[in-house]
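Residues per chain are reported as follows:
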Amino acid sequence: MTPPKPFAISKKMVWEAFKAVKANKGAPGIDGQSIESFERDLGRNLYRIWNRLASGSYFPPPVLQVEIPKRDGGVRELGIPTVGDRVAQAVVAMHLGPITERQFHPDSYGYRPGRSALEAVEQARQRCWRYEWVLDLDIRSFFDSLNHSLMLRAVRRFTDEGWVLLYVERWLKASVQRSDGRTEPRLRGTPQGGVVSPVLANIFLHLAFDRWMHDGFVDVPFERYADDIVVHCRSKVEAEGMRHRIEERLRRCGLQLHPEKTRIVCCRPRAKTEGAKSFDFLGFTFQPRVAKSKIGKFFVTFSPAISGKAAKSLHATMRRKWRLPNRTEMSLDELAKRINPELYGWIRYYGRFRPSALVSVFRGINLALRTWAMRKYKRFKRRPRAAMAWLRGIAAKDGGLFAHWKIVGMVPTVTAGR
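Analysis parameters
Residues numbered from 1 in each chain as written. Predicted model: local features only at pLDDT ≥ 70, side-chain atom pairs only at ≥ 80, totals over all residues. Heavy atoms only, no water. Axes fitted to C-alpha atoms, helices over the stretch in contact; angles between N-to-C directions. Helix = DSSP H or I, 4+ residues; strand = E, 2+ residues; numbered from the N terminus. Parallel < 35°, antiparallel > 145°, perpendicular 65-115°, else oblique. Contact = heavy atoms within 4.5 Å. Nonpolar A, V, L, I, M, F, W, Y, C, P; charged D, E, K, R; others polar. 1 Å grid on protein atoms, 1.4 Å probe; cavity = no way out; pocket = protein on both sides within 12 Å on 5 of 7 lines; lining within 4 Å. Points joined across faces, edges and corners; volume = space filled by probe spheres on them. Expected span 1.5 Å × (residues − 1). Buried < 20%, exposed > 50% of the residue type's maximum accessible area, 1.4 Å probe, protein only. Lys, Arg positive; Asp, Glu negative; His and termini not counted. Salt bridge = Lys/Arg side-chain N within 4 Å of Asp/Glu carboxyl O. Polar contact = N/O pair within 3.5 Å; in protein donor to acceptor, adjacent residues only side chain to side chain. Patch = residues over 30% accessible without salt bridge, like charges linked within 9 Å, V, L, I, M, F, W, Y side chains within 5 Å. Areas by Shrake-Rupley, 256 points an atom, 1.4 Å probe, with all protein chains shown as cover. Charge placed at Lys NZ, Arg CZ, Asp CG, Glu CD. Pairing = 2+ DSSP bridges. Phe/Tyr/Trp six-rings, centres within 6.5 Å; stacked < 30°, edge-to-face > 60°. Lys NZ or Arg CZ within 6 Å of the ring centre and 35° of its normal.

Asks: Before we go on, may I ask you to explain the packing of helix H7 (residues 148-156) against helix H9 (residues 197-216) in this structure?
Replies: Two measures define how a pair of helices packs: the angle their axes make with one another and the distance between the axes. Between H7 and H9, the least distance of the axes is 9 Å, while the angle of their chain directions is 85°. When the axes of H7 and H9 are compared, the pair comes out roughly perpendicular. Mapping the contact onto sequence places Leu150, Met151, Ala154 and Val155 in H7 and Leu200, Ile203, Phe204 and Leu207 in H9. For the contact of H7 with H9, the residue count by class is eight nonpolar, no polar and no charged.

Right, dumping it as structure tokens:
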């Protein structure tokens, strides 16, 4: 008779974890194994993970560290675990999820089931109309700065399961393999890209910030999406006081506010006060904007629209990934099928509050399609007007062929947004 394993981890838990990892896709880790390759010997691979997890003998391999360019010109270090390690992490994350959800703060939105970034933006929008000042917090290098001992202490506040604590500690201390092959120990932080990292981040900030705010400043509302936080205040004096208190609180938790990126912003649309009058949150810029009421009156409000950084990111995708002018081997219908999924996603997200702000973002797509037509068809060579007229005729018959045509059309004009 096979002796029982020391940890009660079922094979079903590992199977459900694999399904979640497969659905999220992702790049190979240091072993170069893709999800498709892992799946070719799925039974043996999953059994090996289950056997090691349940027996306490699972040790995570090093995490592949890659550098991702940031919009501000810097780089973000992303940690990519192997497929097998992502499955093991998912087992722990799926165990912690239901436990933590019962305790997390209602104004925490990141990486939680049934909650979205748009809900956080909507809540911030509503509160900016009721509170005249915002404290826009930026935690410096949050994922790279997490103190391991404090992180483990935070996890213990949610569970005393020995196997969860054991493997969380091993993942926190797992070494890092650089792109040049060098392997280094990790003394602080948790890798962005790890399956268990989001729930660990929420656990830490729930105790370091959310619950601390609720216990001491219940009348000061906030929205938090992972480490992106907006705090609403009634006055500039209150905002300055909260900045000092939060800075001290985070310092005691081993974290630091970015001195330049953390700002106090006035939300009164017509305010003449000195200082910042806008802030970015989850890809949107909040600032005074002209709007039109239901009865046709124009007024100034403080509201969100796609940020300049997000717009640049979309332009970069169009230019580097789509390369529409070069896709002359494809038909117009094929081009539409290729780019529409991303377009629909952008429109649903960035067009939620002020669709007209997307007009300038999407205008370049029509120009790229015109160049595509001029290169593909001889009759349009060096005839941009004829190529655009041809596209305009197609749009008149099928205005939904390209998702952005419903906003931009073929003759881009700015329409009133919400």
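More follows now that the structure is in view.
Asks: In this structure, what is going on with the layout of surface pockets? I would like to understand it.
Replies: Taking a probe equal in size to a water molecule and rolling it over the atoms shows the remaining empty space. As a volume, the second largest pocket reaches approximately 590 Å³. As for the second largest pocket, its lining consists of 28 residues, of which Asn24, Ala93, Gly194, Val195 and Pro198 are closest to the centre. Taken together, the elements giving at least two residues each to the lining of the second largest pocket come down to helix H1 (11-24), strand S2 (75-80), helix H4 (83-101) and H9. Looking at which element gives the most residues to the lining of the second largest pocket, the answer is H4, with eight residues.

Asks: Would you take a moment to explain helix H10 (residues 236-252) for this structure?
Replies: An α-helix turns once per 3.6 residues; consequently, residues spaced three or four apart project the same way. Taking 1.5 Å per residue as the helical rise, H10 with its 17 residues ought to reach 24 Å, and the 25 Å between its terminal C-alpha atoms agrees with that figure. Residues of H10 that are buried make contact with strand S3 (133-138), H9, strand S7 (228-233) and strand S8 (263-266). Positive phi appears at Gly254, one or two residues downstream of H10, with a value of about 80°.

Asks: In this structure, what is going on with unusual backbone geometry? I would like to understand it.
Replies: One can expect most non-glycine residues to show negative phi and most peptide bonds to be in trans. At Ser141, a position not held by glycine, the phi torsion is positive, near 45°. Topologically, Ser141 is positioned in the loop between S3 and helix H6 (142-145). The partly exposed category is assigned to Ser141, whose relative accessible area is 41%. Even without being a glycine, Ala226 presents a positive backbone phi close to 60°. Relative to the helices and strands, Ala226 resides in the loop between strand S6 (222-225) and S7.

Asks: Help me out: how do you make sense of H9 in this one?
Replies: With 20 residues, H9 ought to run about 28 Å at 1.5 Å a step, and its terminal C-alpha atoms sit 27 Å apart, in line with that. Most of H9 is tucked away, with 15 of its 20 residues classed as buried.

Asks: What exactly am I supposed to notice about the side chain of Asp85 here?
Replies: Its location among the elements puts Asp85 in helix H4. Despite its burial, Asp85 remains without a salt bridge, the nearest opposite charge being carried by Arg186 at 8.4 Å. A polar side-chain atom of Asp85 sits 2.8 Å from a polar atom in the side chain of Trp171. When neighbours within four sequence positions are excluded, Asp85 is seen to be in contact with Tyr58, Pro60, Pro61 and Trp171.

Asks: Just to check I follow, could you spell out a negative patch on the surface for this structure?
Replies: A contiguous patch of negative charge on the surface is contributed by Glu329, Asp333, Glu334 and Asp398. Mapping Asp333 onto the fold places it in helix H12 (residues 332-350). Judged by relative accessible area, Asp333 falls into the partly exposed class, the value being 47%.

Asks: What is the right way to look at the side chain of Thr301 in this model?
Replies: Take Thr301: it is sitting in strand S11 (residues 298-306). Judged by relative accessible area, which is 10%, Thr301 ranks as buried. In terms of polar contacts, Thr301 uses its side chain to reach the side chain of Trp129, at 3.3 Å. Filtering out sequence-adjacent residues up to four positions away, Thr301 remains in contact with Trp129, Pro269, Gln287, Pro288, Arg289 and Ala291.

Asks: Got a minute to help me understand the pairing of S7 in this structure?
Replies: Residues in a regular strand point their side chains to alternate faces of the sheet. Where burial is concerned, most of S7 is hidden: five out of the six residues are buried. The pairing of S3 with S7 spans six bridges and is antiparallel. Along S7, the bridge assignment pairs Trp133 with Cys233. Sheet topology places S6 next to S7; four bridges connect them, and they run antiparallel.

Asks: So what exactly am I meant to see when it comes to the sheet that holds strand S10 (residues 284-292) here?
Replies: The strand order across the open sheet formed by three strands is S9-S10-S11, and the pairing between neighbours is antiparallel. Two strands close off the open sheet at either side, each with one partner strand: strand S9 (279-281) and S11. Each strand axis lies, on average, 50° off the axis of its neighbour in the sheet, ignoring direction. Where S10 and S11 come together, nine bridges link them in antiparallel fashion. Within S11, the position partnered with Val290 by the bridge is Val300. Here helix H11 (residues 308-322) sits on the sheet and contacts S9, S10 and S11; the angle it forms with S11, its principal contact strand, is near 50°.

Asks: Would you mind going over the packing of aromatic side chains with me for this structure?
Replies: For any two aromatic rings, the description comes down to two numbers: the centre-to-centre distance and the angle of the planes. In this structure the tally under the stated criterion is 25 aromatic pairs. We note Arg379 situated over the ring of Tyr377; from NZ or CZ to the ring centre the distance is 5.0 Å.

Asks: Is there a simple way to think about empty space enclosed by the protein in this case?
Replies: Counting across every chain of the model gives one cavity of 30 Å³ or more. One number sums up the size of the largest cavity: a volume of about 70 Å³. Lining the largest cavity we find Val63, Pro81, Gln89, Val168, Trp171, Leu172, Thr190, Pro191, Gly194, Val196, Ser197 and Leu200. For the lining of the largest cavity, the secondary-structure elements that each account for two or more residues are helix H8 (162-173) and H9. The element contributing the most residues to the lining of the largest cavity is H8, with three residues. When its residues are assigned to classes, the lining of the largest cavity shows eight nonpolar, four polar and no charged.

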